[in-house]
Amino acid sequence: MSSGFRRRILSLKKIENRGKHVWTVVSSSAVPATERFDWFADMVSREVVPTAISSGCPARFRAEAALLDLGGVAMSRLAYLPLHSRRTPALIRRSDPEQYQLALVTKSSMALSQQGNDGDAAAGDLVLWDTSRPWVAQSPDEGGMGELVVLQLSRSAMPLRERQIERLLARRIPGGLGMAAMLASFMRSLVENGDRCTPEELARLGTITADLAAACLAQHLDVEEDLPVEVRAQALLRRIHTFIDHHLGDPELNPSVVAAHHNMSLRTLHQLFHGTGESVQARIRRRRLERCRAALSRPELRAPIQAIAARWGFSGPAVFSRTFREVYGLSPSEFRALSVKECCAERALQ
């Protein structure tokens, strides 16, 4: 498991962020081999949804999981050896969180059947199921670990009609196009960086996640006009953020270019950003500075400072140096020298 989700631990562990528990990370490594499968099955039923799980090799089973609280949305990352799972009518009667669960397959693949639909999702794809209806799922017996990132979304909060969503249950949603690609990218970003956020920030990210999930499903169903105005606005904002990030290296990138690409007026674009606390131009500048700062903090990158500035769209070294100092309190060369010194000090202590 990667970055923010990866922890080698000896027992269930809650990771604190500013005094509040935001992460729960668990691993089968501390559990006796004969108990690992039962441990994982119990953890999934408790933290995700009650499910009957079986494995062809329970004695050799291993798994890891990370659970992230995003306020009204929960995110789980599961890594496991091949298994078979069933959500039966008896389990639904016993306990039902009444959720839509939307999974991004990040490794291996997953076959799912629900409500008369069948789908095979490969790595990079999304797949949706309803906890209030029976399902059968299978990961292939390839010997390697399968991995999922699962969003747990309240059914009552989903701004789409149940009859519409039924059409997507257990269907493969390609994760490389449109809103699905944006949602998948956003989920991966939460996986990598969630442990850097405060609980308050995570709650705001949970709202964004829910809106992006709704927009993704609506686009796949071709019913985007059925979404509330605020959900559509959030999805559009994320689309614009992605466009900006992909074009930071273009020195001609400015609010007019962004507005034209998205077929809107400059006034509409500025209104869309009004509630974010950051103007369009300020976001472009901040993202460029962040990319330059990241490059300057890596001692192994020997590119000249002016080349780094040009790579990320600054019009000239003088403009870049002045802007960098205004934001970070150091010139680019001073920041690079300090980063090299800190890196050398860290290596000396290892």
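No experiment lies behind these values; they were computed from the predicted model shown.

> What am I meant to see in the overall build of the protein chain here?
Within the protein chain, the secondary structure is distributed over twelve helices and 13 strands. Compactness check: the protein chain gives a C-alpha radius of gyration of 23 Å against a globular reference of 20 Å for 350 residues, within 12% of the reference. If you line up the protein chain on its principal axes, its C-alpha atoms span 70 × 55 × 40 Å. Of all 350 residues assigned to the protein chain, the portion counted as buried reaches 48%. Sequence separation of 24 or more characterises 69% of the internal contacts of the protein chain that already satisfy a separation of 6 or more. Accessible surface for the protein chain amounts to roughly 17,400 Å². Of this, 50% is attributable to carbon and sulfur atoms. If you average the places of the 46 positive and of the 38 negative side-chain charges in the protein chain, the two averages end up 4 Å apart.

> For this particular structure, what's the right way to read the pattern of salt bridges?
For the structure on display, the rule yields 20 salt bridges. The salt bridge involving Asp42 is made with Arg46; its shortest N-O contact spans 3.0 Å. Of the two residues, Asp42 and Arg46 are both situated in helix α1 (residues 36-47); the distance of four residues between them amounts to about one turn of the helix. Note on Asp42: relative accessible area 42%, which makes it partly exposed. A salt bridge links Arg133 to Glu162; its shortest N-O distance comes to 2.7 Å.

> Looking at this structure, how should I read the packing of helix α4 (residues 178-193) against helix α5 (residues 199-221)?
Two quantities define a packed helix pair, namely the angle between the helix axes and the distance between the axes. Look at α4 against α5: their axes get within 8 Å of each other, and the N-to-C directions meet at 155°. Our classification of the angle between α4 and α5 gives roughly antiparallel. The element α4 and its partner α5 pack so that their crossing is left-handed. Across from Gly178, Met179, Ala180, Leu183, Phe186 and Leu190 in α4, the residues of α5 making contact are Leu205, Ile208, Thr209, Leu212, Ala213, Ala215, Cys216 and Gln219. Of the residues that constitute the contact of α4 with α5, the class distribution is eleven nonpolar, three polar and no charged.

> What's the story with the side chain of Thr209 in this structure? I'm lost.
Among the secondary structure elements, Thr209 is positioned in helix α5. Residue Thr209 is classed as buried on the basis of its relative accessible area of 0%. The residues contacting Thr209, other than those within four sequence positions of it, are Leu70, Leu151, Leu183, Phe186 and Leu190.

> Please clarify how unusual backbone geometry should be interpreted in this entry.
Note: most peptide bonds trans; most residues except glycine with negative phi. For Glu98, which is not a glycine, the phi torsion comes out positive at approximately 55°. Inspection of the secondary structure assignment puts Glu98 in the loop between α2 (89-94) and β7 (99-107). Here the phi dihedral of Gln115 falls at roughly 55°; this positive angle occurs in a residue that is not glycine. Looking at the element boundaries, Gln115 is found in the loop between β8 (109-114) and β9 (117-122).

> Looking at this structure, I do not really get the nonpolar core. What am I missing?
Soluble globular proteins tend to bury their nonpolar side chains together. Formed by 43 residues in total, the largest nonpolar core has its most connected members in Met75, Leu102, Leu126, Leu151, Leu160 and Leu183. Elements with a minimum of two residues in this core: β4 (63-70), β5 (73-80), β7, β10 (126-130), β12 (146-154), α4, α5 and α6 (229-246). Ranked by residue count, the leading element in this core is α5, at eleven residues. Residues contacting Leu126, with those up to four places away along its chain left out, are Leu102, Ala103, Leu104, Arg171, Arg172, Ile173, Ala180, Leu183, Met187 and Cys216. Ala41, Ala79, Leu112 and Ala170 belong to the second largest nonpolar core, which has 29 residues in total.

> Looking at this model, I keep getting lost on the sheet that holds strand β11 (residues 135-138). Mind explaining?
Backbone hydrogen bonds are what pair the strands of a sheet, in a parallel or an antiparallel way. Spatial strand order, β3-β6-β11-β8-β9: five strands in an open sheet with antiparallel pairing. Strands with a single pairing partner mark the edges of an open sheet, and in this sheet they are β3 (52-54) and β9. Taken pair by pair, the neighbouring strands of this sheet meet at an average axis angle of 15°, ignoring direction. When β8 meets β11, the two strands line up antiparallel, connected through four bridges. From the neighbouring strand, Gln114 faces β11, where its bridge partner is Trp135.

> Looking at this model, I keep getting lost on the confidence of the model for the protein chain. Mind explaining?
Low-pLDDT portions of the prediction should not be read for the details of their coordinates. Mean pLDDT for the protein chain: 87, with 91% of residues reaching 70 or above. When the elements of the protein chain are averaged for pLDDT, strand β1 (residues 13-17) gives the smallest value, 39, and β10 the largest, 97. Here residues 1-22 is modelled with pLDDT under 50, and outside its nearest four sequence neighbours on either side it reaches 66 contacts, counting other chains as well.

Thresholds applied
- Residues numbered from 1 in each chain as written.
- Predicted model: local features only at pLDDT ≥ 70, side-chain atom pairs only at ≥ 80, totals over all residues.
- Heavy atoms only, no water.
- Helix = DSSP H or I, 4+ residues; strand = E, 2+ residues; numbered from the N terminus.
- Rg over C-alpha atoms; globule rule 2.2 N^0.38 Å.
- Buried < 20%, exposed > 50% of the residue type's maximum accessible area, 1.4 Å probe, protein only.
- Contact = heavy atoms within 4.5 Å.
- Areas by Shrake-Rupley, 256 points an atom, 1.4 Å probe, with all protein chains shown as cover.
- Lys, Arg positive; Asp, Glu negative; His and termini not counted.
- Charge placed at Lys NZ, Arg CZ, Asp CG, Glu CD.
- Salt bridge = Lys/Arg side-chain N within 4 Å of Asp/Glu carboxyl O.
- Axes fitted to C-alpha atoms, helices over the stretch in contact; angles between N-to-C directions.
- Parallel < 35°, antiparallel > 145°, perpendicular 65-115°, else oblique.
- Left-handed = near helix turned anticlockwise from the far one by under 90°.
- Nonpolar A, V, L, I, M, F, W, Y, C, P; charged D, E, K, R; others polar.
- Core = buried A, V, L, I, M, F, W, Y, C linked by side-chain atoms within 4.5 Å.
- Pairing = 2+ DSSP bridges.
- pLDDT = per-residue confidence, 0-100.

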